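Chain by chain, the residues:
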Amino acid sequence: MENPRHWRLNKQRYALVGEVCPHCEAKIFPPRDVCPECGGEAKNRFGFSGKGKVFSYTIMRDAPAGYEHNTPYTVAIVALDEGPMVTAQLTDLGSEKVEIGMPVEMVTRKIREDVEKKGMIIYGYKFRPVMQG
Amino acid sequence: MTDVVVAGIGQIPVGDHYSLSLRSMGVQALNKALHDSGDLKPDALYIGNLLGSTLSHQANLGALFTDYARLGHIEAYTTEAAGASGAAALRVAYLAILSGYADTVAVLGVEKWSDVTREEADALLSQELDYDYEAIPGLNSAGEAGLLMQRYLYEYNLPKDALAGFPIQAHANALNNPNALLRKSLTAETYASAPMLSDPLNLYDGAAYADGAAALILTRRELLPKNFPHPIVRLLGSSVSVDALSLHDRRDPLAFNAVKTAVESAALQAGIMPVYTDVFELDDSFSIYAALTLEACGFAEKGTAWQMARDGLLAPGAKLPAMTMGGCKARGNPIGAKGVYQAVEAVQQLRGAAGPNQVKNARIALTLALGGPASTAIAHVFDRVETR
Amino acid sequence: MENKQTTNTKLLRTNRKTGIVGYGAYIPRYRLPGSEVAMVWTGSEKGSPVKEKAVAGLDEDVITMSIEAARNALLRADIDPCELRAVWIGSESHPYAVKPSGTVVAEAIGASNNIQSGDWEFACKAGSEAMVAAVAMVGSGMANYALAIGMDTAQGKPSDALEYTAGSGGAAYIIGPAEESVAEIEASYSFVSDTPDFWRRPEQKYPEHGQRFTGDPAYFHHIESAGRTLLEELGAKASDFTYAIFHQPNPKFPMKAGKDLGFTEEQIKPGLLVPVIGNTYAGSSLVGLSAVLDIAKPGDRILLVSFGSGAGSDAFALTVTDRITSRRNSAPTTAEYIARRTEINYATYTRFRGKIDMG
């Protein structure tokens, strides 16, 4: 269940909404109480463009419980254009080969769903190869 | 300053102990260590464990183990630092003696893994990641290592099998360790044809998780029993350092900065340079962790540690003997107990009791346990006291 | 005393002129060739009414697909999502039986809390029904902008005729003031009756249908009644329109209905996507409209007639405005989604669509 723990992250997960530090302008994701760059209080909301590049990636073939029905899937560290890096699945890869440095864009997808299809579906950011040139 | 010495060591083989409970495993290791110490009476027990409260539904391990090991109503509790939990318990024990608060302390590293399916256990182990921002997107510990390995191979333009030397060395060493999980050699061909776990990380790049329990008895040197039968091994340095929990929150995920800080600081306390180490029980939970560790410690230039493994420089008789009893890869990875196994193995080497894998004239040993991908790094330096 | 008749009894026409200010398509990447289905159930590759159909990936559902279509519509509308006063999704595949899809989509696109967000259900016309409501909401002056989406991950029972065509996709429309629109809505007309041609009971995974009964008394009667009445009431004829889009369960039905109403193949073909994406149920006619808006010129008139089983049709007359040329390139086109294509086999399809019993 754990609905509250996921619900409180809806905004950031659905749309990659983070923060911009009012003191040093650093773009922050995920939102934090303290700016990791300058140590000031971080609180101003900032919507990321969702554009970034693959920093590294791995293909998960042996997934933990809750994800085993989605294997194989690719997880990447994505360096967002605005600065921070995030960990997320790559999706809609088709037959495209993933490469470090590949431009990607954020999409909102199902992240996790119980096999019995009784619980809440968790939606959140994933990335796919950029569609438009 | 008082000399803190390791009076007793004990371990059970790492494996699938279906017939042993969490408590039985821990008590067996404790009893062996107590017996080895000449039946010292500890004032405190510190337990390294990660999964007890979730996988075994058992917390409050201090009360459990003091009761079942019949240690009396002494101070006892668990330390948790993911895969470095056992090393954290060792550090707390060391500090307790140094502070003057305790004289003799027992350290227990214990982990029960085999009671649930691998997928269930793996999901619980994902607690060592940033749960909301790494585990929920579908990553696990092997996936984190896969991300690091991919980036490493990319930055240094290396072939997929570059890291093969680490598991090959670990397997060779485990052949001579009766407590090891995987006592069979690994060939380069077998490595190269192994199935992928988290590409480019293959089956042999990740240590198998298993049940395990190991224990140490620390005391002040002057409290050792008369006619103490073993060479005296001192604990000279202990340091813990941390990095960002998530890989994505590090400026350079390949840097393993926590390893560098912990090892340098522990060595400084011990009054040695890391290069003086005769034995290095490093954390090869994943091959890439071993490579990044050697580079962070300055044993190899960035992008070259894999050559040390390939060229046999980590073998028991070579330049930097590492993973001497099989490492995590072949001795097995008992997670929260790992750090205590490493200390037990370091003491075996310094006592000259390591059997066929004995490093000749081993005087200084370094252990390093990692929680996650060096999110936590805990280093300890031991030496053998030269007897008259 | 006699009440003065202020409204036409058939046409739905607002006092305040409205139009589509932004639109966005979404079609998932995967394609199941009809020959794959035919091979499994007939032993021959022949017999599929469509070349292939679009299939949602493992991590997609009506909510995720609606989010992307809505984001595309917002890009073209170039408005602050907080200005939306409704986020409405019509579908046969809402991920929850109880819990709105609209609130998730609204949160994801950054809409405010001051919105209407109930889900719509009327088989394949749930999306166009939501569009009528959006037009009414904006036309009444209650709202400046309202978002209506028709989206589906359509269900078809294995081996059933529907399995060849039941596809995934749809489109989102932001209805707003006519003066800001890329296509002005002249009027609409809806025709409904109690006709049991196709249905799905709660708890059932797949729909049932009346086979040939879905044709004349259902699809054709409703589409043609709605289309004909709209044309009559507007005093228009088929040749006044550059394009005509009809609900497309297969390639034949919309072509026949269109011809019955006097339309030509040239008018119908640009919006006829069923041969390459299948029948996207509530998304079907709406994604056809987005394909047409992608290519239409200012001044073009468009007829859109949806059909939902059970049964009913919504017919719209639209006129494309000058703004279309500057707005349409702000988001991926329908054709770009169709071109983004990865073929899958029947085994992968059964996995993607949850047809494998995982015990």
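Every chain is numbered independently, its residues counted from 1 as its sequence is written. Here every chain gets a letter starting at A, and every ligand a number starting at 1, in the order they are written. This being a predicted model, a pLDDT of at least 70 is required before a residue's local features are given, and a value of 80 or more before pairs of side-chain atoms are given or counted; all residues contribute to the totals for chains, interfaces and linings. Hydrogens and water molecules were not included; the side-chain quantities draw on all heavy atoms of the structure.

Colleague: Provide a residue-level description of the sheet that holds strand β4 (residues 84-90) of chain C, including the pertinent values.
Modeller: Residue and element names in this part refer to chain C. Strands pair, by our definition, only if DSSP identifies at least two bridges between them. Put simply, DSSP H or I for four residues or longer makes a helix, DSSP E for two residues or longer makes a strand, and each gets a number counted from the N terminus. Read from one edge to the other, the open sheet built from eight strands follows the order β4-β5-β6-β1-β7-β12-β11-β10, with strand pairing classed as mixed. Both edges of this open sheet fall to β4 and β10 (243-246), since each of them pairs with a single strand only. Going across the sheet, the axis of each strand differs from the next one's by a mean of 20 degrees, ignoring polarity. Pairing analysis gives five bridges linking strand β11 (residues 301-305) to strand β12 (residues 310-320), with the strands arranged antiparallel. Helix axes use the C-alpha atoms of the stretch in contact, all axes being lines fitted to C-alpha atoms, and the angles between their N-to-C directions lie in the range 0 to 180 degrees.

Colleague: I'd like a description of the domain arrangement of chain C, backed by residues and values.
Modeller: All names here are of chain C. Throughout the structure description, domain borders are defined by an automatic or database domain assignment. Domain boundaries assigned for chain C yield domain 1 (18-181 + 339-350) and domain 2 (183-325). A separation of 16 Å is found between the C-alpha centroids of domain 1 and domain 2. If you look at the interface, domain 1 gives 52 residues, while domain 2 gives 46 residues. Buried area is understood as the total, over both parts, of accessible area removed when two parts are fitted together, assessed with a 1.4 Å probe. Of all residues in domain 1, Tyr23, Cys124 and Lys125 bury the most surface against domain 2, accounting for 16% of the area lost on that side. Should any heavy atoms of two residues lie within 4.5 Å, those residues are counted as being in contact.

Colleague: So what about the domain arrangement of chain B? Which residues, and what values?
Modeller: All names here are of chain B. You can read the domains of chain B as domain 1 (4-117 + 209-223) and domain 2 (140-206 + 236-384). The gap between the C-alpha centroids of domain 1 and domain 2 is 23 Å. Counting residues at the interface gives 40 residues for domain 1, matched by 36 residues for domain 2. Roughly 2700 Å² is buried in total at the junction of domain 1 and domain 2, and carbon and sulfur atoms are behind 66% of that figure. When residues of domain 1 are sorted by the area they lose upon contact with domain 2, Gln11, Val14 and Tyr209 head the list and together hold 25% of the total. One side-chain nitrogen of Lys or Arg within 4 Å of one carboxyl oxygen of Asp or Glu is enough to make a salt bridge. The tally of links between domain 1 and domain 2 comes to one salt bridge. One salt bridge in this structure joins aspartate 36 and arginine 351, with 3.0 Å as the shortest N-O distance.

Colleague: Got a sec to walk through the interface of chain A and chain B? Specific residues and values, please.
Modeller: Listed by partner, the interface residues are 35 residues for chain A and 32 residues for chain B. Across the chain A to chain B interface the summed buried area is about 3000 Å²; carbon plus sulfur atoms make up 54%. When the buried surface of chain A facing chain B is broken down by residue, Asp62, Thr87 and Ile100 of chain A rank first, second and third, together holding 18% of it. Applying the counting rule to chain A against chain B returns six salt bridges. Salt-bridge contacts for arginine 61 of chain A lead to aspartate 199 of chain B; the nearest nitrogen and oxygen are separated by 2.6 Å. By the criterion applied in these results, polar contacts are pairs of N or O atoms within 3.5 Å in which, for protein atoms, one can donate a hydrogen and the other can accept it, and in which residues neighboring in sequence qualify only through two side-chain atoms. Summed over the shared surface of chain A and chain B, the number is 21 residue pairs in polar contact (both at pLDDT 80 or more). Secondary-structure elements contributing two or more residues to the side of chain A that touches chain B are α1 (3-7), α2 (10-15), β4 (51-60), β5 (73-80), β6 (85-90) and β7 (103-112) of chain A. All amino acids are sorted into three groups, where Ala, Val, Leu, Ile, Met, Phe, Trp, Tyr, Cys and Pro are nonpolar, Asp, Glu, Lys and Arg are charged, and the leftover types, Gly among them, are polar. The residue inventory of the side of chain A that touches chain B, partitioned by class, reads 21 nonpolar, six polar and eight charged. Sheet topology places β4 of chain A next to strand β5 (residues 196-199) of chain B; two bridges connect them, and they run antiparallel. Bridge pairing in β5 of chain B places isoleucine 59 of chain A opposite aspartate 199 of chain B.

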